[in-house]
Structure formats: structure tokens, C-alpha cells
Amino acid sequence: MADAAKLPPILPPILEIKRTLDGREKRFSCRRLDGDADQRRAVLLFVHDHAMHVHGVDLAPGTITFGYFWADRPYNAYHWLNAAGATIGVYFNVADETSITDDVLEWRDLTVDVLTTAAGRVDVLDEDELPAELDPALRAHIDASKAAILDHVAALLAEIEGESQAFKSLVFTRGERRP
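Model, not experiment: these values are computed from the prediction.

(A) Quick look at a nonpolar patch on the surface. Among the surface-exposed residues, Val122, Val124 and Leu150 lie close enough to one another that they form a single nonpolar patch of about 190 Å² accessible area. Structurally, the position occupied by Leu150 is in helix 1 (residues 136–151). Relative accessible area serves as the criterion here: at 33%, Leu150 is assigned to the partly exposed category.

(B) Examining the environment of Thr101 more closely. Position of Thr101 relative to the elements: it lies in the loop between strand 8 (87–100) and strand 9 (104–117). The exposure class of Thr101 is partly exposed, given its relative accessible area of 34%. Sequence-wise, Thr101 and Gln39 are 62 residues apart; in three dimensions their C-alpha atoms are separated by 6.2 Å. Setting aside anything within four residues of it in sequence, one finds Thr101 in contact with Ile14, Arg32 and Gln39.

(C) Looking closely at the side chain of Lys18. Here Lys18 is to be found in strand 1 (residues 13–20). At 3.3 Å, the side chain of Lys18 and the side chain of Asp109 are in polar contact.

(D) Fine view of the environment of Ile14. Turning to its location among the elements, Ile14 is positioned in strand 1. Along the sequence, Ile14 and Glu133 sit 119 residues apart, while their C-alpha atoms lie 34 Å from each other. In contact with Ile14, other than residues within four places in its own chain, are Phe28, Ser29, Cys30, Arg31, Arg32, Leu44, Thr101, Asp102, Asp103, Val104 and Leu105.

(E) Looking closely at the packing of aromatic side chains. Per the stated rule, a full pass over the model turns up 8 aromatic pairs. Ring centres of Trp70 and Tyr75 lie 5.6 Å apart, and the angle between their planes is 70°; on these two criteria the pair is classed as edge-to-face. The buried category is assigned to Trp70, whose relative accessible area is 4%. What links up through ring pairs into an aromatic cluster is the set Tyr68, Trp70, Tyr75 and Phe92.

(F) Structural detail: the pattern of salt bridges. Taken as a whole and assessed by the stated rule, the structure comprises 13 salt bridges. As a salt-bridge pair, Arg121 and Asp123 come within 2.5 Å of each other at their nearest N and O atoms. The class for Arg121 is partly exposed, based on a relative accessible area of 31%. Take Asp123: its relative accessible area is 25%, and that puts it in the partly exposed class. One salt-bridge network, held together by shared partners, links Arg19, Glu25, Arg27 and Glu106.

(G) Geometry of helix 2 (residues 153–171). In this model, helix 2 (19 residues) spans 26 Å end to end at C-alpha, consistent with the 27 Å of a helix rising 1.5 Å per residue. By the largest-angle criterion, Gln165 marks the main kink of helix 2, which is about 35°. The set of residues buried in helix 2 consists of Val153, Leu156, Ile160, Glu163, Ser164, Phe167, Lys168 and Val171.

(H) Spotlight on the pairing of strand 8. Buried residues dominate strand 8, accounting for 11 of its 14 residues. Of the strand pairs in this sheet, strand 7 (residues 75–81) and strand 8 are connected by 7 bridges, and their pairing is antiparallel. Looking at the pairing, Tyr75 lines up with Val94 of strand 8. Note that strand 8 and strand 9 share 9 bridges and pair antiparallel. By the bridge assignment for strand 9, Tyr91 is matched with Leu115. Counting the residues between successive antiparallel strands, the hairpin from strand 8 to strand 9 contains 3 residues.

Parameters and conventions
- Residues numbered from 1 in each chain as written.
- Predicted model: local features only at pLDDT ≥ 70, side-chain atom pairs only at ≥ 80, totals over all residues.
- Heavy atoms only, no water.
- Patch = residues over 30% accessible without salt bridge, like charges linked within 9 Å, V, L, I, M, F, W, Y side chains within 5 Å.
- Areas by Shrake-Rupley, 256 points an atom, 1.4 Å probe, with all protein chains shown as cover.
- Salt bridge = Lys/Arg side-chain N within 4 Å of Asp/Glu carboxyl O.
- Helix = DSSP H or I, 4+ residues; strand = E, 2+ residues; numbered from the N terminus.
- Buried < 20%, exposed > 50% of the residue type's maximum accessible area, 1.4 Å probe, protein only.
- Contact = heavy atoms within 4.5 Å.
- Polar contact = N/O pair within 3.5 Å; in protein donor to acceptor, adjacent residues only side chain to side chain.
- Phe/Tyr/Trp six-rings, centres within 6.5 Å; stacked < 30°, edge-to-face > 60°.
- Expected span 1.5 Å × (residues − 1).
- Bend = angle between axes of the 7 residues up to and from the residue.
- Pairing = 2+ DSSP bridges.

These figures capture arrangement, not role.
Printed below as a string of C-alpha cells:
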């Protein structure tokens, strides 16, 4: 979890709470970059404090994530950027139960993810981790959500890249991450 005190101070803090199908919970101290008045959309900033390896993608300490969350979409997206502000990849989480307030964002991770990289790779991940006894209606929701991402991946990536351009000036200066 990144230390919120190390993030740009001009942005208000927000806690991201991710719940999994098996009831586990992870909490991330983030900063709120953007959102709408009716709490249907939020964009969060998270700075990685340690290295991570995600399905063949290396995220160094200091990697910037712009997290895109929508209460009315069946997924969210993490836009990973390196220290120079270049895209590493976009990681879509199939999700539901997204709730956004001024200081807390909660969502349920439905296990299946879609990983895209700057090199053009698109991989569907973790379908094998879905429980065998999964409710058929939830399984149908997961399948439809995955299809919504895959059927529109180019447009979604363009939307996210476009929005991220507006936020880079808050985090990067002259091609490098602000201290």
C-alpha cells in the first residue's frame, strides 16, 4: 500500500476497498484525481511503493496507477504509467457493487481480468480461479462484462489514455514523476 503522505498533497485522500468473491478485503490509500457530483465515477491515483510482477508485466517501485471506477459499468481499469509518464499497460477488473463517496471507494472483484500492454498484448486472466459452484446469474454477468471489455477494448484504451493525459500534469513534470 502506498503511503498517502508521499502523494501530491493537493489531491484529497480516498480509501479504495476491494472485496473478493471469497470475502477477502484489500485497502489502498489513494488520492482522488477526479469524479462527478453524483458519485457515479471516480479517478484515483496510487503510487506503487514496491516492485510487482503482474502476468508478465513488471511494475517498478514508483509506478503510477490512475484507477478508473464507474458505478454503472461492470468493470474498472488501472492505467499503469512508468516514471516518465508512458503507458505500461491497462488492467481491467471485472467488477460489481462499486460504491463511491468523497472519501471511500468500494468495489467487488469478480476474479476475471483483462490485461492490455503498450505493446498490444490483450490477455484474459484468472477465469480458472472462478469457483465451480458460482451462481449461474453471476457467471453470466462475468461473461457479459468480459465481452463488454473485449468487444470495445480499442475504444476503452483510447478513452483512458485521453483522460490520463489531463491528469499527468498533476503527477509528472517535464517527463518525470514529481517527488
